[in-house]
Amino acid sequence: MISFAALMPASESTRLFNRARRVLPGGVNSPVRAFAAVGGRPPFVERARGARLYDADGQSYIDYVMSWGPLIHGHAPPELTRALRSAAGRGTSFGAPTALEVDLARIVCRLVPSIALVRFVNSGTEATMSAIRVARAATGRDRIVKFAGCYHGHGDAFLVQAGSGATTLGVPTSPGVARATAADTLIAAYNDVESVERLCRTHRERIAAVIVEPIAGNMGVVPPAPGFLEGLRDLCDRHGIVLIFDEVISGFRASRGGAQAVYGVMPDLTCLGKIIGGGLPVGAYGGRGDLMERVSPAGPVYQAGTLSGNPLAMTAGVWSLSRLSAPLYRRLDKLGRRLAEGLRTAALETGVALTVNTAGSVLTPFFTAGPVTDYASATAADTEAYAAFFRGMLRRGVHPPPSQFEGWFLSDAHTERDVDRTVRAARQSLAEIRPAPRESAPQRPETPR
Ligand code: KE4
(Lines give C-alpha, C1' and ligand atoms only; values in the text may rest on other atoms or scores of the structure.)
Protein backbone atom coordinates (compact mmCIF):
# COMPACT_ATOMS: atom_id res chain seq x y z
CA MET A 1 0.00 0.00 0.00
CA ILE A 2 1.67 3.29 -1.09
CA SER A 3 1.15 6.09 1.44
CA PHE A 4 -0.43 9.35 0.22
CA ALA A 5 2.70 11.15 1.30
CA ALA A 6 4.75 8.97 -1.00
CA LEU A 7 2.58 10.17 -3.90
CA MET A 8 3.10 13.83 -3.01
CA PRO A 9 6.12 15.46 -4.74
CA ALA A 10 8.83 15.97 -2.09
CA SER A 11 8.98 19.61 -1.08
CA GLU A 12 12.07 21.51 -2.10
CA SER A 13 13.07 21.72 1.57
CA THR A 14 12.77 17.96 1.91
CA ARG A 15 14.82 17.46 -1.24
CA LEU A 16 17.46 19.86 0.09
CA PHE A 17 17.46 18.21 3.51
CA ASN A 18 18.04 14.80 1.92
CA ARG A 19 20.96 16.21 -0.07
CA ALA A 20 22.29 17.99 3.04
CA ARG A 21 22.34 14.82 5.11
CA ARG A 22 24.66 13.23 2.57
CA VAL A 23 27.37 15.84 3.21
CA LEU A 24 26.64 17.47 6.61
CA PRO A 25 26.26 15.58 9.93
CA GLY A 26 22.50 15.52 10.49
CA GLY A 27 22.13 17.79 7.45
CA VAL A 28 22.86 20.96 9.42
CA ASN A 29 25.68 23.08 10.80
CA SER A 30 24.17 23.48 14.26
CA PRO A 31 22.20 20.64 15.85
CA VAL A 32 18.93 22.28 16.96
CA ARG A 33 18.21 23.36 13.37
CA ALA A 34 17.55 19.74 12.32
CA PHE A 35 14.16 19.64 14.12
CA ALA A 36 15.00 16.36 15.92
CA ALA A 37 13.20 17.60 19.05
CA VAL A 38 10.02 18.72 17.28
CA GLY A 39 9.69 16.23 14.43
CA GLY A 40 9.35 16.77 10.72
CA ARG A 41 11.88 18.31 8.43
CA PRO A 42 13.20 21.88 8.69
CA PRO A 43 12.14 24.44 6.08
CA PHE A 44 15.24 25.49 4.12
CA VAL A 45 15.32 29.26 4.20
CA GLU A 46 15.83 31.06 0.90
CA ARG A 47 15.63 34.66 2.15
CA ALA A 48 14.36 36.79 5.01
CA ARG A 49 13.24 40.38 5.51
CA GLY A 50 12.01 42.18 8.60
CA ALA A 51 10.21 39.63 10.81
CA ARG A 52 9.62 37.15 7.97
CA LEU A 53 11.38 34.02 6.75
CA TYR A 54 10.71 32.68 3.23
CA ASP A 55 11.52 29.04 2.58
CA ALA A 56 12.52 27.15 -0.56
CA ASP A 57 8.88 26.20 -1.17
CA GLY A 58 7.65 29.78 -1.10
CA GLN A 59 6.16 29.51 2.39
CA SER A 60 6.50 32.55 4.67
CA TYR A 61 6.72 32.55 8.46
CA ILE A 62 6.65 35.10 11.24
CA ASP A 63 10.09 34.35 12.69
CA TYR A 64 10.80 34.08 16.43
CA VAL A 65 14.16 32.33 16.06
CA MET A 66 15.68 35.49 14.53
CA SER A 67 18.99 33.67 14.07
CA TRP A 68 18.86 32.80 17.82
CA GLY A 69 19.03 36.41 18.98
CA PRO A 70 21.36 38.63 16.92
CA LEU A 71 18.69 40.33 14.81
CA ILE A 72 17.21 42.89 17.20
CA HIS A 73 16.62 45.18 14.20
CA GLY A 74 15.04 42.39 12.11
CA HIS A 75 16.25 40.52 9.03
CA ALA A 76 18.20 42.40 6.31
CA PRO A 77 17.53 46.03 7.27
CA PRO A 78 18.10 47.89 3.97
CA GLU A 79 20.50 50.39 5.57
CA LEU A 80 22.64 47.57 6.96
CA THR A 81 22.64 45.74 3.64
CA ARG A 82 23.83 48.89 1.90
CA ALA A 83 26.58 49.42 4.50
CA LEU A 84 27.78 45.83 4.07
CA ARG A 85 27.80 46.10 0.26
CA SER A 86 29.94 49.21 0.54
CA ALA A 87 32.29 47.63 3.11
CA ALA A 88 32.70 44.49 0.98
CA GLY A 89 33.84 46.66 -1.91
CA ARG A 90 36.75 47.84 0.28
CA GLY A 91 37.78 44.30 1.20
CA THR A 92 36.32 41.51 3.34
CA SER A 93 39.28 40.81 5.63
CA PHE A 94 42.77 42.22 6.06
CA GLY A 95 44.31 40.49 9.07
CA ALA A 96 45.48 43.93 10.07
CA PRO A 97 44.13 46.62 12.41
CA THR A 98 41.31 48.85 11.17
CA ALA A 99 39.55 51.93 12.52
CA LEU A 100 36.28 49.96 12.45
CA GLU A 101 37.47 47.69 15.29
CA VAL A 102 38.28 50.74 17.40
CA ASP A 103 34.87 52.24 16.62
CA LEU A 104 33.02 49.11 17.74
CA ALA A 105 35.23 48.65 20.81
CA ARG A 106 34.55 52.23 21.91
CA ILE A 107 30.79 51.67 21.55
CA VAL A 108 30.99 48.42 23.59
CA CYS A 109 33.06 50.09 26.34
CA ARG A 110 30.60 52.98 26.46
CA LEU A 111 27.48 50.81 26.60
CA VAL A 112 28.56 47.93 28.89
CA PRO A 113 29.32 49.40 32.33
CA SER A 114 31.92 46.84 33.50
CA ILE A 115 34.02 46.72 30.32
CA ALA A 116 37.24 48.77 30.32
CA LEU A 117 38.97 46.69 27.60
CA VAL A 118 37.44 44.31 25.05
CA ARG A 119 38.72 41.72 22.57
CA PHE A 120 36.71 40.68 19.51
CA VAL A 121 36.50 37.04 18.47
CA ASN A 122 34.21 35.20 16.03
CA SER A 123 31.65 33.51 18.26
CA GLY A 124 30.21 33.34 21.73
CA THR A 125 32.06 30.06 22.22
CA GLU A 126 35.41 31.72 21.59
CA ALA A 127 34.45 34.50 23.97
CA THR A 128 33.64 32.21 26.88
CA MET A 129 36.62 29.92 26.28
CA SER A 130 38.92 32.96 26.34
CA ALA A 131 37.32 34.52 29.41
CA ILE A 132 37.82 31.30 31.38
CA ARG A 133 41.46 31.21 30.27
CA VAL A 134 42.01 34.76 31.57
CA ALA A 135 40.35 33.89 34.88
CA ARG A 136 42.54 30.79 35.33
CA ALA A 137 45.68 32.79 34.48
CA ALA A 138 44.74 35.59 36.88
CA THR A 139 43.95 33.28 39.82
CA GLY A 140 46.35 30.41 39.19
CA ARG A 141 43.36 28.11 39.79
CA ASP A 142 41.83 25.49 37.47
CA ARG A 143 38.22 24.82 38.47
CA ILE A 144 35.18 26.68 37.18
CA VAL A 145 31.57 26.74 38.33
CA LYS A 146 28.76 26.76 35.81
CA PHE A 147 25.03 26.27 36.35
CA ALA A 148 23.00 23.27 35.23
CA GLY A 149 21.04 24.30 32.15
CA CYS A 150 23.21 27.26 31.25
CA TYR A 151 24.97 27.05 27.91
CA HIS A 152 28.22 28.84 27.16
CA GLY A 153 29.02 27.46 23.70
CA HIS A 154 30.61 24.16 22.79
CA GLY A 155 34.01 24.57 24.49
CA ASP A 156 34.95 21.35 26.32
CA ALA A 157 34.82 22.98 29.75
CA PHE A 158 31.18 23.94 29.24
CA LEU A 159 29.67 20.75 27.81
CA VAL A 160 28.83 19.47 31.27
CA GLN A 161 25.10 19.62 32.07
CA ALA A 162 24.84 22.20 29.31
CA GLY A 163 21.60 23.77 28.15
CA SER A 164 20.47 24.78 24.65
CA GLY A 165 20.83 22.06 22.03
CA ALA A 166 22.73 19.82 24.45
CA THR A 167 19.63 19.60 26.66
CA THR A 168 17.22 19.68 23.74
CA LEU A 169 18.86 16.61 22.21
CA GLY A 170 19.27 14.82 25.53
CA VAL A 171 23.08 15.01 25.73
CA PRO A 172 23.71 17.70 28.36
CA THR A 173 27.16 16.22 28.98
CA SER A 174 28.88 15.50 25.69
CA PRO A 175 30.97 12.45 24.91
CA GLY A 176 34.48 13.43 23.82
CA VAL A 177 35.07 15.81 26.74
CA ALA A 178 38.15 14.54 28.55
CA ARG A 179 37.44 13.29 32.04
CA ALA A 180 40.12 15.58 33.47
CA THR A 181 38.47 18.56 31.79
CA ALA A 182 35.01 17.63 33.00
CA ALA A 183 36.41 17.15 36.52
CA ASP A 184 37.41 20.81 36.61
CA THR A 185 33.86 21.91 35.78
CA LEU A 186 31.67 22.09 38.88
CA ILE A 187 27.90 22.31 38.59
CA ALA A 188 25.63 24.53 40.70
CA ALA A 189 21.89 25.14 40.61
CA TYR A 190 20.62 28.34 38.96
CA ASN A 191 19.03 30.81 41.41
CA ASP A 192 20.63 28.94 44.32
CA VAL A 193 23.64 30.80 45.76
CA GLU A 194 23.93 28.24 48.57
CA SER A 195 24.71 25.55 45.96
CA VAL A 196 27.76 27.63 44.97
CA GLU A 197 28.75 28.25 48.61
CA ARG A 198 28.80 24.47 49.13
CA LEU A 199 31.19 24.07 46.16
CA CYS A 200 33.43 26.81 47.57
CA ARG A 201 33.56 25.03 50.93
CA THR A 202 34.48 21.74 49.23
CA HIS A 203 36.93 23.05 46.62
CA ARG A 204 38.19 25.97 48.71
CA GLU A 205 40.82 28.03 46.85
CA ARG A 206 40.71 25.93 43.67
CA ILE A 207 37.90 27.73 41.86
CA ALA A 208 39.04 30.28 39.26
CA ALA A 209 35.68 31.50 38.00
CA VAL A 210 31.93 31.36 38.29
CA ILE A 211 30.33 31.77 34.85
CA VAL A 212 26.62 32.49 34.64
CA GLU A 213 24.00 33.69 32.19
CA PRO A 214 22.68 36.65 34.24
CA ILE A 215 19.32 36.03 32.56
CA ALA A 216 19.30 32.36 31.62
CA GLY A 217 18.20 31.73 28.04
CA ASN A 218 19.37 28.21 27.31
CA MET A 219 17.03 26.21 29.49
CA GLY A 220 14.39 28.48 28.10
CA VAL A 221 14.18 31.98 29.62
CA VAL A 222 14.71 31.94 33.40
CA PRO A 223 15.28 35.38 34.99
CA PRO A 224 17.53 35.68 38.07
CA ALA A 225 15.70 35.49 41.40
CA PRO A 226 16.00 38.61 43.59
CA GLY A 227 19.44 38.58 45.23
CA PHE A 228 20.89 35.77 43.08
CA LEU A 229 23.33 37.89 41.08
CA GLU A 230 24.19 40.04 44.11
CA GLY A 231 24.85 36.84 46.07
CA LEU A 232 27.25 35.58 43.39
CA ARG A 233 29.07 38.92 43.38
CA ASP A 234 29.52 38.82 47.15
CA LEU A 235 30.60 35.17 47.12
CA CYS A 236 33.21 35.79 44.39
CA ASP A 237 34.57 38.79 46.29
CA ARG A 238 34.91 36.72 49.46
CA HIS A 239 36.66 33.82 47.74
CA GLY A 240 38.82 35.70 45.22
CA ILE A 241 36.88 34.14 42.32
CA VAL A 242 36.44 35.86 38.92
CA LEU A 243 32.74 36.46 38.20
CA ILE A 244 31.96 36.08 34.50
CA PHE A 245 28.61 37.15 33.03
CA ASP A 246 27.88 35.31 29.82
CA GLU A 247 25.77 38.00 28.13
CA VAL A 248 25.86 36.46 24.67
CA ILE A 249 22.04 36.48 24.73
CA SER A 250 21.27 39.22 27.29
CA GLY A 251 23.94 41.63 26.04
CA PHE A 252 22.25 44.57 24.25
CA ARG A 253 19.00 42.51 24.47
CA ALA A 254 18.00 43.13 28.12
CA SER A 255 19.06 46.77 27.74
CA ARG A 256 21.78 48.74 25.96
CA GLY A 257 24.06 47.83 28.86
CA GLY A 258 22.85 44.23 29.06
CA ALA A 259 21.59 42.42 32.15
CA GLN A 260 24.38 43.89 34.31
CA ALA A 261 22.95 47.36 33.72
CA VAL A 262 19.39 46.16 34.47
CA TYR A 263 20.31 44.44 37.76
CA GLY A 264 23.18 46.74 38.78
CA VAL A 265 25.63 43.87 39.41
CA MET A 266 29.05 44.28 37.84
CA PRO A 267 30.96 41.14 36.76
CA ASP A 268 34.73 41.01 36.41
CA LEU A 269 34.49 39.76 32.81
CA THR A 270 31.62 39.80 30.31
CA CYS A 271 31.14 37.60 27.24
CA LEU A 272 29.17 38.98 24.31
CA GLY A 273 27.88 37.74 20.95
CA LYS A 274 24.78 37.74 18.74
CA ILE A 275 23.51 41.38 18.67
CA ILE A 276 27.10 42.70 18.80
CA GLY A 277 27.62 41.35 15.26
CA GLY A 278 24.23 42.36 13.84
CA GLY A 279 23.94 38.92 12.22
CA LEU A 280 27.60 38.52 11.25
CA PRO A 281 30.04 36.35 13.24
CA VAL A 282 31.23 38.44 16.18
CA GLY A 283 31.89 37.45 19.77
CA ALA A 284 33.70 39.48 22.39
CA TYR A 285 35.03 39.24 25.91
CA GLY A 286 36.02 42.15 28.08
CA GLY A 287 35.96 43.60 31.55
CA ARG A 288 38.31 44.84 34.25
CA GLY A 289 41.45 46.45 32.84
CA ASP A 290 43.81 44.52 35.15
CA LEU A 291 42.36 41.24 33.85
CA MET A 292 42.18 42.13 30.15
CA GLU A 293 45.73 43.56 30.21
CA ARG A 294 46.80 39.94 30.62
CA VAL A 295 45.60 39.10 27.09
CA SER A 296 48.29 38.77 24.40
CA PRO A 297 50.08 40.82 23.18
CA ALA A 298 49.52 43.13 26.17
CA GLY A 299 50.11 40.18 28.48
CA PRO A 300 50.97 36.46 28.33
CA VAL A 301 47.48 34.91 27.97
CA TYR A 302 47.37 33.76 24.38
CA GLN A 303 44.28 34.14 22.20
CA ALA A 304 44.13 34.85 18.47
CA GLY A 305 41.88 34.62 15.41
CA THR A 306 42.30 34.94 11.65
CA LEU A 307 39.01 36.73 11.10
CA SER A 308 38.69 38.47 14.44
CA GLY A 309 37.60 42.07 13.93
CA ASN A 310 37.08 41.66 10.21
CA PRO A 311 35.68 44.75 8.52
CA LEU A 312 32.35 43.24 7.40
CA ALA A 313 31.49 41.98 10.89
CA MET A 314 32.68 45.23 12.47
CA THR A 315 30.53 47.22 10.02
CA ALA A 316 27.47 45.18 11.00
CA GLY A 317 28.30 45.51 14.68
CA VAL A 318 28.73 49.28 14.56
CA TRP A 319 25.47 49.60 12.59
CA SER A 320 23.58 47.32 15.00
CA LEU A 321 24.78 48.87 18.29
CA SER A 322 24.57 52.46 17.03
CA ARG A 323 20.83 52.05 16.55
CA LEU A 324 20.02 50.82 20.05
CA SER A 325 17.84 53.47 21.66
CA ALA A 326 15.53 53.90 24.64
CA PRO A 327 12.44 54.08 22.36
CA LEU A 328 13.55 50.81 20.72
CA TYR A 329 13.60 48.98 24.07
CA ARG A 330 10.26 50.49 25.03
CA ARG A 331 8.75 49.18 21.79
CA LEU A 332 10.35 45.75 22.24
CA ASP A 333 9.27 45.45 25.88
CA LYS A 334 5.70 46.38 24.94
CA LEU A 335 5.62 43.76 22.15
CA GLY A 336 7.11 41.17 24.50
CA ARG A 337 4.40 41.83 27.08
CA ARG A 338 1.69 41.65 24.39
CA LEU A 339 2.94 38.28 23.14
CA ALA A 340 3.40 36.84 26.64
CA GLU A 341 -0.08 37.92 27.76
CA GLY A 342 -1.59 36.59 24.55
CA LEU A 343 0.02 33.18 25.01
CA ARG A 344 -1.07 33.03 28.65
CA THR A 345 -4.67 33.89 27.71
CA ALA A 346 -4.69 31.34 24.87
CA ALA A 347 -3.49 28.66 27.29
CA LEU A 348 -6.19 29.55 29.83
CA GLU A 349 -8.88 29.45 27.12
CA THR A 350 -7.73 26.03 25.92
CA GLY A 351 -6.99 24.53 29.32
CA VAL A 352 -3.31 23.88 28.57
CA ALA A 353 -0.82 24.22 31.45
CA LEU A 354 1.59 26.90 30.26
CA THR A 355 4.14 29.04 32.12
CA VAL A 356 5.45 31.97 30.07
CA ASN A 357 8.75 33.37 31.34
CA THR A 358 9.78 36.71 29.86
CA ALA A 359 12.79 39.04 29.86
CA GLY A 360 11.85 42.06 27.77
CA SER A 361 11.86 41.00 24.12
CA VAL A 362 12.76 37.35 24.68
CA LEU A 363 10.41 34.79 26.23
CA THR A 364 9.71 31.07 26.55
CA PRO A 365 6.33 29.34 26.89
CA PHE A 366 7.00 26.27 29.08
CA PHE A 367 4.48 23.44 28.85
CA THR A 368 4.22 23.00 32.57
CA ALA A 369 2.18 24.53 35.38
CA GLY A 370 5.42 26.02 36.74
CA PRO A 371 6.85 28.10 38.18
CA VAL A 372 10.04 27.64 36.12
CA THR A 373 13.01 28.96 38.12
CA ASP A 374 15.85 26.54 37.37
CA TYR A 375 16.95 23.54 35.28
CA ALA A 376 14.90 21.00 37.22
CA SER A 377 11.62 22.93 36.83
CA ALA A 378 12.43 23.79 33.19
CA THR A 379 13.11 20.19 32.21
CA ALA A 380 9.84 19.15 33.87
CA ALA A 381 8.10 20.77 30.89
CA ASP A 382 6.22 18.52 28.46
CA THR A 383 8.51 18.50 25.42
CA GLU A 384 6.07 16.36 23.42
CA ALA A 385 3.37 18.98 23.94
CA TYR A 386 5.81 21.69 22.87
CA ALA A 387 6.67 19.68 19.75
CA ALA A 388 2.98 19.30 18.81
CA PHE A 389 2.41 23.00 19.47
CA PHE A 390 5.46 23.88 17.38
CA ARG A 391 4.18 21.84 14.41
CA GLY A 392 0.80 23.55 14.66
CA MET A 393 2.43 26.96 14.67
CA LEU A 394 4.64 26.12 11.70
CA ARG A 395 1.57 24.97 9.71
CA ARG A 396 -0.01 28.34 10.52
CA GLY A 397 2.95 30.38 9.28
CA VAL A 398 4.70 31.05 12.60
CA HIS A 399 8.24 29.78 13.22
CA PRO A 400 9.12 29.50 16.93
CA PRO A 401 12.46 27.97 18.02
CA PRO A 402 12.42 24.17 17.38
CA SER A 403 13.08 23.46 21.07
CA GLN A 404 11.28 23.89 24.37
CA PHE A 405 14.57 25.09 25.88
CA GLU A 406 15.21 28.20 23.79
CA GLY A 407 13.99 31.80 23.73
CA TRP A 408 11.50 33.37 21.36
CA PHE A 409 13.11 36.57 20.08
CA LEU A 410 11.22 39.69 19.02
CA SER A 411 12.77 42.42 16.91
CA ASP A 412 12.03 45.99 15.91
CA ALA A 413 10.61 44.55 12.70
CA HIS A 414 7.83 42.64 14.51
CA THR A 415 4.50 44.47 14.69
CA GLU A 416 1.48 44.25 16.98
CA ARG A 417 -0.32 42.69 14.00
CA ASP A 418 2.37 39.96 13.82
CA VAL A 419 1.97 39.32 17.54
CA ASP A 420 -1.83 39.14 17.30
CA ARG A 421 -1.58 36.68 14.39
CA THR A 422 0.87 34.65 16.46
CA VAL A 423 -1.54 34.55 19.40
CA ARG A 424 -4.40 33.42 17.14
CA ALA A 425 -2.20 30.65 15.73
CA ALA A 426 -1.22 29.70 19.27
CA ARG A 427 -4.83 29.45 20.40
CA GLN A 428 -5.62 27.12 17.48
CA SER A 429 -2.43 25.08 17.98
CA LEU A 430 -3.02 24.73 21.72
CA ALA A 431 -6.60 23.63 21.10
CA GLU A 432 -5.28 20.82 18.93
CA ILE A 433 -3.19 19.63 21.83
CA ARG A 434 -6.07 19.73 24.25
CA PRO A 435 -9.59 20.24 22.82
CA ALA A 436 -11.01 23.48 24.26
CA PRO A 437 -13.40 22.99 27.22
CA ARG A 438 -17.05 22.59 25.95
CA GLU A 439 -18.22 25.98 27.27
CA SER A 440 -15.52 27.98 25.45
CA ALA A 441 -16.21 29.88 22.22
CA PRO A 442 -15.86 27.79 19.03
CA GLN A 443 -12.45 28.35 17.41
CA ARG A 444 -12.67 30.40 14.18
CA PRO A 445 -10.97 28.22 11.52
CA GLU A 446 -9.01 31.19 10.09
CA THR A 447 -5.42 30.67 9.05
CA PRO A 448 -3.38 33.68 10.23
CA ARG A 449 -0.69 34.64 7.68
P1 KE4 B 1 28.07 30.77 19.63
O2 KE4 B 1 29.38 30.05 19.69
O3 KE4 B 1 26.91 29.86 19.17
O4 KE4 B 1 28.15 32.08 18.84
O5 KE4 B 1 27.68 31.25 21.12
C6 KE4 B 1 27.64 30.27 22.13
C7 KE4 B 1 26.78 30.79 23.26
C8 KE4 B 1 27.38 31.27 24.41
N9 KE4 B 1 26.66 31.75 25.44
C10 KE4 B 1 25.30 31.78 25.37
C11 KE4 B 1 24.53 32.33 26.53
C12 KE4 B 1 24.63 31.31 24.22
O13 KE4 B 1 23.27 31.34 24.17
C14 KE4 B 1 25.37 30.81 23.14
C15 KE4 B 1 24.71 30.25 21.89
N16 KE4 B 1 23.29 30.21 21.90
C17 KE4 B 1 22.69 29.15 21.10
C18 KE4 B 1 21.18 29.22 21.22
N19 KE4 B 1 20.72 29.35 22.55
C20 KE4 B 1 23.15 29.22 19.67
C21 KE4 B 1 22.29 28.50 18.67
C22 KE4 B 1 22.88 27.21 18.24
O23 KE4 B 1 23.65 26.64 19.02
O24 KE4 B 1 22.54 26.78 17.11
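No experiment lies behind these values; they were computed from the predicted model shown.

From N to C terminus, the chain includes 16 helices and 14 strands. Taking 2.2 N^0.38 as the reference for a compact globule, 449 residues should give roughly 22 Å; the C-alpha atoms of the chain span a radius of gyration of 22 Å, in line with that estimate. Dimensions along the principal axes, computed over C-alpha positions, put the chain at roughly 65 × 55 × 50 Å. The buried share among the 449 residues of the chain stands at 54%. A fraction of 71% describes how many contacts in the chain between residues 6 or more apart in sequence connect residues 24 or more apart. In the structure as shown, the chain presents an accessible area of about 19,100 Å², 54% of it carried by carbon and sulfur atoms. One way to put it: in the chain the 50 positive side-chain charges average out to a point 5 Å from where the 39 negative ones average out.

Strand order across the open sheet formed by 7 strands is E4-E10-E9-E8-E7-E5-E6, with mixed pairing between neighbours. The open sheet has two edge strands, strand E4 (117-121) and strand E6 (185-188), and neither has a second partner. Each neighbouring strand pair of the sheet contributes to a mean axis angle of 20°, computed without reference to strand direction. Across 4 bridges, the pairing between strand E5 (residues 143-147) and E6 is parallel.

Taken together, 16 residues sit near the ligand, with Ser30, Thr125, Asn218, Asp246 and Glu406 positioned nearest. One of the side-chain N or O atoms of serine 30 is found 2.6 Å from an oxygen atom in the ligand. Threonine 125 is positioned with one of its side-chain polar atoms (N or O) 2.7 Å from an oxygen atom of the ligand. Taken by itself the ligand offers 540 Å² of open surface, and the protein chains cover 86% of this. Its residues assigned to classes, the shell around the ligand comprises 4 nonpolar, 8 polar and 4 charged. Composition of the shell around the ligand by domain shows at least three residues from each of domain 1 (4-72 + 325-431) and domain 2 (78-322).

Reading the values: the criteria
- Counting of residues starts from 1 at the beginning of each chain's written sequence and follows it residue by residue.
- For this predicted model, a pLDDT threshold of at least 70 governs which residues receive local features, and a threshold of 80 or more governs which side-chain atom pairs are given and counted, while totals over whole chains, interfaces and linings are taken from all residues.
- As a rule here, side-chain values come from all non-hydrogen atoms in the structure, and water together with hydrogens is ignored.
- Helical segments are the DSSP runs of H or I of at least four residues, strand segments are the runs of E of at least two, and each set is numbered from the N terminus.
- What the globule rule says is 2.2 Å times the number of residues to the power 0.38, and the radius of gyration is computed from C-alpha atoms.
- Think of it in three bands: residues with accessible area under 20% of the maximum for their type are buried, residues over 50% are exposed, and the middle band is partly exposed, with areas taken using a 1.4 Å probe on protein chains only.
- Contacts were defined at the residue level, with two residues in contact if any of their heavy atoms lie within 4.5 Å.
- In this description, accessible areas are obtained by the Shrake-Rupley approach with a 1.4 Å probe, and a residue is regarded as covered only by the protein chains that are shown.
- Only four residue types enter the tally: Lys and Arg on the positive side, Asp and Glu on the negative side, with His and both chain ends excluded.
- For the purpose of locating charges, the reference atoms are NZ of Lys, CZ of Arg, CG of Asp and CD of Glu.
- At least two bridges found by DSSP between two strands is the condition for calling them paired.
- Angles here are taken between N-to-C directions and fall from 0 to 180 degrees, while the axes themselves are lines fitted to C-alpha atoms, restricted in helices to the stretch in contact.
- If even one non-hydrogen atom of a residue comes within 4 Å of a molecule or strand, that residue is called near it.
- As used in this structure description, the phrase polar contact means that two N or O atoms lie within 3.5 Å; if the pair is within protein, one of them must be able to donate a hydrogen and the other to accept it, and residues adjacent in sequence are counted only when both atoms belong to side chains.
- Each residue receives one of three labels: charged for Asp, Glu, Lys and Arg, nonpolar for Ala, Val, Leu, Ile, Met, Phe, Trp, Tyr, Cys and Pro, and polar for the others, Gly being one of them.
- The start and end points of each domain follow an automatic or database-based domain assignment.

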